[in-house]
Amino acid sequence: MLGWVIALVSGALMSVQGVFNTQVTKASTIWIASAFVQFTALLVCLAVWAATDRSSLMSVFQVRPRYMLLGGAIGAFITYTVIKSMDMLGPAKAAMLIVIAQLIVAYLIELAGLFGVEKEPLVLRKVIGMAVALAGVILFKWE
């Protein structure tokens with residue numbers, strides 16, 4: 001149950017952050033706003049780390065394969081694409097499409113067993129669920 005609550009909080013925070021970041025972009029540029037977002041995230045992470053566990057900062061370099069360290073770089077492009085999509089589509093449409101894309105890509109990663117994730121079998125119920133979600137986006141967008 002706690003996992004569900006955390007996931008719901010994550011989704012809510014992502015939507016609020018997207019709106020905030022889009023507004024910051026209007027006062028600067030998208031890459032300056034993205035850099036500010038990433039920098040403030042770094043500061044928060046370092047502060048929480050210093051206040052809690054204080055494990056070795058260098059332990060992240062023990063990860064294998066090394067390409068797993070690209071999460072932060074991917075994060076910069078996530079920030080960019082969220083800002084652009086919310087600016088162009090509005091928060092609700094952008095968030096729906098972002099979540100659908102996350103769902104589809106996550107399921108494909110599970111099906112293929114990519115990036116060290118345990119391979120899962122194709123389940124018709126999950127495919128139907130994604131189709132229903134896509135239909136929901138179409139209904140939401142329909143004018």
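Residues numbered from 1 in each chain as written. Predicted model: local features only at pLDDT ≥ 70, side-chain atom pairs only at ≥ 80, totals over all residues. Heavy atoms only, no water.

A.B. asks: Help me get a handle on the packing of helix α1 (residues 2-27) against helix α3 (residues 71-89), residues and values and all.
C.D. replies: The geometry of α1 relative to α3 is characterised by a closest axis approach of 9 Å and an angle of 80 degrees between their N-to-C directions. Accordingly, the angle class assigned to the pair α1 and α3 is roughly perpendicular. On α3, the residues touching Met14, Ser15, Gly18, Val19, Asn21, Thr22, Thr25 and Lys26 of α1 are Thr79, Val82, Ile83, Met86 and Asp87. Of the residues assigned to the contact of α1 with α3, the class counts are five nonpolar, six polar and two charged. (Axes fitted to C-alpha atoms, helices over the stretch in contact; angles between N-to-C directions. Helix = DSSP H or I, 4+ residues; strand = E, 2+ residues; numbered from the N terminus. Parallel < 35°, antiparallel > 145°, perpendicular 65-115°, else oblique. Contact = heavy atoms within 4.5 Å. Nonpolar A, V, L, I, M, F, W, Y, C, P; charged D, E, K, R; others polar.)

A.B. asks: How would you sum up helix α4 (residues 91-112)? Please name residues and give values.
C.D. replies: With 22 residues, α4 should cover 32 Å at 1.5 Å per step; its first-to-last C-alpha distance of 31 Å lies within 8% of that length. Ala94, Ala95, Ile100 and Tyr107 are the residues of α4 that are buried. Along its buried surface, α4 packs onto α1, α3 and α5 (124-141). Residue Gly113 follows α4 closely and has a positive phi angle near 70 degrees. (Expected span 1.5 Å × (residues − 1). Buried < 20%, exposed > 50% of the residue type's maximum accessible area, 1.4 Å probe, protein only.)

A.B. asks: Before we move on, could you go through the layout of surface pockets and cite the residues and values that matter?
C.D. replies: Quantified by volume, the largest pocket comes out at close to 390 Å³. Forming the walls of the largest pocket are 23 residues, and the residues nearest its centre are Met14, Gln17, Gly18, Asn21 and Val82. Tallying contributions element by element places α1 first for the lining of the largest pocket, with eight residues. Gln38, Leu42, Cys45, Leu46, Leu57, Val60, Leu69, Gly71, Gly72 and Gly75 are the residues that line the second largest pocket. For the lining of the second largest pocket, the leading source of residues is helix α2 (residues 30-51), giving four residues. (1 Å grid on protein atoms, 1.4 Å probe; cavity = no way out; pocket = protein on both sides within 12 Å on 5 of 7 lines; lining within 4 Å. Points joined across faces, edges and corners; volume = space filled by probe spheres on them.)

A.B. asks: Before we move on, can you summarise the side chain of Thr25 with the specific residues and values?
C.D. replies: Position of Thr25 relative to the elements: it lies in helix α1. Filtering out sequence-adjacent residues up to four positions away, Thr25 remains in contact with Ile30, Ala33 and Ile83.

A.B. asks: Go over the confidence of the model for the protein with me, naming the residues and quoting the values.
C.D. replies: The predicted model of the protein has a mean per-residue pLDDT of 91, with 99% of residues at 70 or higher. Of all secondary-structure elements in the protein, the lowest mean pLDDT belongs to α5, at 89, while α2 reaches the highest, 93. (pLDDT = per-residue confidence, 0-100.)

A.B. asks: Provide a residue-level description of the packing of aromatic side chains, including the pertinent values.
C.D. replies: Geometry of an aromatic ring pair is reported as the spacing of the ring centres plus the angle between the planes. Applying the stated criterion across every chain yields a total of three aromatic pairs. Judged by centre distance (5.8 Å) and plane angle (80 degrees), the ring pair of Trp31 and Phe77 falls under edge-to-face. Of this pair, Trp31 sits in helix α2 while Phe77 sits in helix α3, and the two are 46 residues apart along the sequence. The interplanar angle of 65 degrees and the centroid separation of 6.2 Å between the aromatic rings of Tyr67 and Phe115 together place this pair among those described as edge-to-face. (Phe/Tyr/Trp six-rings, centres within 6.5 Å; stacked < 30°, edge-to-face > 60°.)

A.B. asks: Summarise the environment of Ala35; cite the residues concerned and give the values.
C.D. replies: With respect to the helices and strands, the residue Ala35 is situated in helix α2. Judged by relative accessible area, Ala35 falls into the partly exposed class, the value being 44%. Measuring from C-alpha to C-alpha, the distance between Ala35 and Ala76 comes to 7.6 Å, with 41 residues separating the pair along the chain.

A.B. asks: Break down the side chain of Ser34 for me, citing the residues and quoting the values.
C.D. replies: Topologically, Ser34 is positioned in helix α2. When its relative accessible area of 2% is taken as the criterion, Ser34 is described as buried. Not counting the four nearest positions on each side in its chain, Ser34 is found in contact with Ala76, Thr79, Tyr80 and Ile83.

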